[in-house]
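Residues per chain are reported as follows:
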Amino acid sequence: MKNIQLLSILFLCLFCVNCTDDFDSINDNPNAPQEVSPEFLLTNVIAAETNENTYNQGLRLNNYLAQFNADVEFERIDRYELGGNSGYWNLIYGLLTDLETMKTLPGYNDAYDGVAEILKCYLFSQLTDMWGDVPYSEAVKFEELNFTPVYDSQESIYTDPTNGILARLEAAATQLQNTSEPIRGDIMFGNDLSKWVRFANSLQVRFRMRISKRVTDFSKLQQLADANMLMQSNEDNAVVPYLGAAPNQFPLFSASTGIYQGLKMSETVETVLKGWDDPRIAVFFNPTPESVLAGNPEYKGLPNGLSTQTISERGFVLNDISLLNDRFRTIADGVDAQIMLYSEVQFALAEAVERGYITGDADTYYQNAIQAHFEYYDAAVPDDYFSRDAIALNGTMDTNLEKILTQKWFSLFMVGHEAWFNIRRTGIPALTPGPDNFNDDQYPSRYLYPESEQAANKVNYDAAVSRIGGDNINTKSWWEM
């Protein structure tokens, strides 16, 4: 949980500087940096998290849970064998440590501090939304060297009036609006603090909708909607473009053939997109190889959660199932590493209006969101798209919400676990576990705590498990109930 290796390196560097003055004078390199700067850690945190969120957590985990992709038993998460996802747990706490380390470095200022706070809030939200109660208030406290931090409740992590994620995001946005100090190393927003403010406010919208079942006061959400300080277009997207040259290429470009072949089109997404007659089917997927050879290109999906035996028994021809579009495989910089898109914010506001949480025009937000998602992927919205019965908001609140949330679900393709979080909160779209799932036909709600926590922080682990109702993948989060 603590990035002890990084700290050791920093302390070792300080020790060497203090004890070897003659060595410094002899070996001084005028072209080499003499000290670590906050910008380097900031760059590393953004790069590491956006890539992990997009490729491993998004494409290779969430896309199966959200039924965008289906697999042939290679990725057993498609059959709800979730495990602990401990690599991401460790990465997040390591990145949180890097952000805390930034405070000790020369050049740290209010602008770096505000940006670091926003990133910390985002990272802690990932932890609590994937595991529930997690170490928060006592985590990564260098001065205390506490290696057994308590697990805070998810409710307090979000809503504590002083130290909760929402309060900290609000304070960070205000801090950035009131500083004239600069930052460097920001590969996501190009060191533009106004975009960080919009990102912080947009995250508040995400999280206020996340906990909307558990609160009754939506005045802050209304203020955010009215203040004109949310993401305004795709220009404000929280993304980092992959590059055409190594080592910053989209990882699927150089991944094994087996990983790519496992990312088959899900029958769920096929049904939805064909029901909408949506041209984005060609943006995200290729026609099946067999249909292309036959001169009659078709898109076909595979049901989720099937074993190889069931696939064989049902007579599926795997060469007649669609795979991801070439932009995900053969183009090194065909996609971005993503944390949040403008379209998500507009969908959230459309839902909030439709539910009566805030005032506004749900249809305007809804159409803005769809238009933005098409534009982000360089696709054209068909002229009659918004008048189609399957698309238009022309029904009851429940019917309209199903349309808004299903469109939002699709827009979250590969955006970390965000689609999974929304399905858990809303039940839309209604996903059916595959017939060969390992979870008694239940849709999972969380990852298991890493096994290392049971060994290194057992007292606090046991207390958390008792409080949330058991360390299993079906234990619901506070905001789900």
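What you are looking at is a predicted structure, and each value in this text was computed from that prediction instead of being measured.

S.K.: What exactly am I supposed to notice about the overall build of the protein here?
M.R.: If you tally the helices and strands in the protein, you get 20 helices and six strands. Taking 23 Å as the expected radius of gyration for a compact globule of 481 residues, we find that the protein reaches 23 Å, a close match to that expectation. When its C-alpha atoms are laid out on the principal axes, the protein stretches across 75 × 50 × 50 Å. A buried classification covers 58% of the 481 residues belonging to the protein. For the protein, the accessible area works out to roughly 19700 Å², and carbon and sulfur atoms hold 51% of it. Across the protein, the mean location of the 34 positive side-chain charges is 4 Å away from that of the 66 negative side-chain charges.

S.K.: So what exactly am I meant to see when it comes to the nonpolar core here?
M.R.: A general feature of soluble globular proteins is that nonpolar side chains tend to end up buried together. Ranked by internal contacts, the top residues of the largest apolar core, which has 142 residues, are Trp196, Phe199 and Leu252. Counting residues per element, this core draws most heavily on helix α5 (residues 110-131), which supplies 13 residues. If you look at the next biggest cluster of nonpolar residues, it comprises five residues, including Ala70, Leu302, Leu306 and Ile321.

S.K.: Any chance you could explain the pattern of salt bridges here in plain terms?
M.R.: Pairing of side chains with opposite charge becomes possible as their charged atoms draw close. Here the structure, examined in full by the defined rule, presents 20 salt bridges. A salt bridge links Glu117 to Arg168; the nearest nitrogen and oxygen atoms lie 2.9 Å apart. Here the residue Glu117 occupies a position in helix α5, and Arg168 occupies one in helix α7 (residues 165-177), the gap between them amounting to 51 residues. For Glu117, a relative accessible area of 16% translates into the label buried. Classification of Arg168 by relative accessible area gives buried; the value is 13%. Notably, a salt bridge pairs Glu351 with Arg425, separated by 2.8 Å at the nearest N-O pair. Taken together, the positions of Glu351 in helix α15 (residues 342-354) and Arg425 in helix α18 (residues 418-426) put the pair 74 residues apart, joining distant regions of the chain. The same class applies to Glu351 as to Arg425, namely buried. Ionic contacts of the salt-bridge type, sharing partners, join the residues Asp129, Arg206, Arg210, Glu344 and Glu418 into one network.

S.K.: Would you explain unusual backbone geometry in this entry?
M.R.: Among all residues except glycine, the phi angle is most often negative; among peptide bonds, the trans geometry is most common. A cis amide bond, omega 5 degrees, links Ala246 with the succeeding residue Pro247. Its place among the elements puts Pro247 in the loop between β4 (238-241) and α10 (257-262). Here the residue pair Ile428 and Pro429 is connected by a cis peptide bond, since its omega of -5 degrees sits within 30 degrees of zero. Along the chain, the position of Pro429 falls in the loop between α18 and α19 (451-456). Residues other than glycine seldom take positive phi values, yet Asn228 does so here, at roughly 60 degrees. Counting through the fold element by element, Asn228 comes out in the loop between α9 (219-226) and β4. If you check the backbone angles, Asp378 has positive phi at about 55 degrees while not being a glycine. Inspection of the secondary structure puts Asp378 in the loop between α16 (362-376) and α17 (397-411). On the basis of relative accessibility, which here comes to 69%, the residue Asp378 falls in the exposed class.

Procedures and definitions
Residues numbered from 1 in each chain as written. Predicted model: local features only at pLDDT ≥ 70, side-chain atom pairs only at ≥ 80, totals over all residues. Heavy atoms only, no water. Helix = DSSP H or I, 4+ residues; strand = E, 2+ residues; numbered from the N terminus. Rg over C-alpha atoms; globule rule 2.2 N^0.38 Å. Buried < 20%, exposed > 50% of the residue type's maximum accessible area, 1.4 Å probe, protein only. Areas by Shrake-Rupley, 256 points an atom, 1.4 Å probe, with all protein chains shown as cover. Lys, Arg positive; Asp, Glu negative; His and termini not counted. Charge placed at Lys NZ, Arg CZ, Asp CG, Glu CD. Core = buried A, V, L, I, M, F, W, Y, C linked by side-chain atoms within 4.5 Å. Salt bridge = Lys/Arg side-chain N within 4 Å of Asp/Glu carboxyl O.

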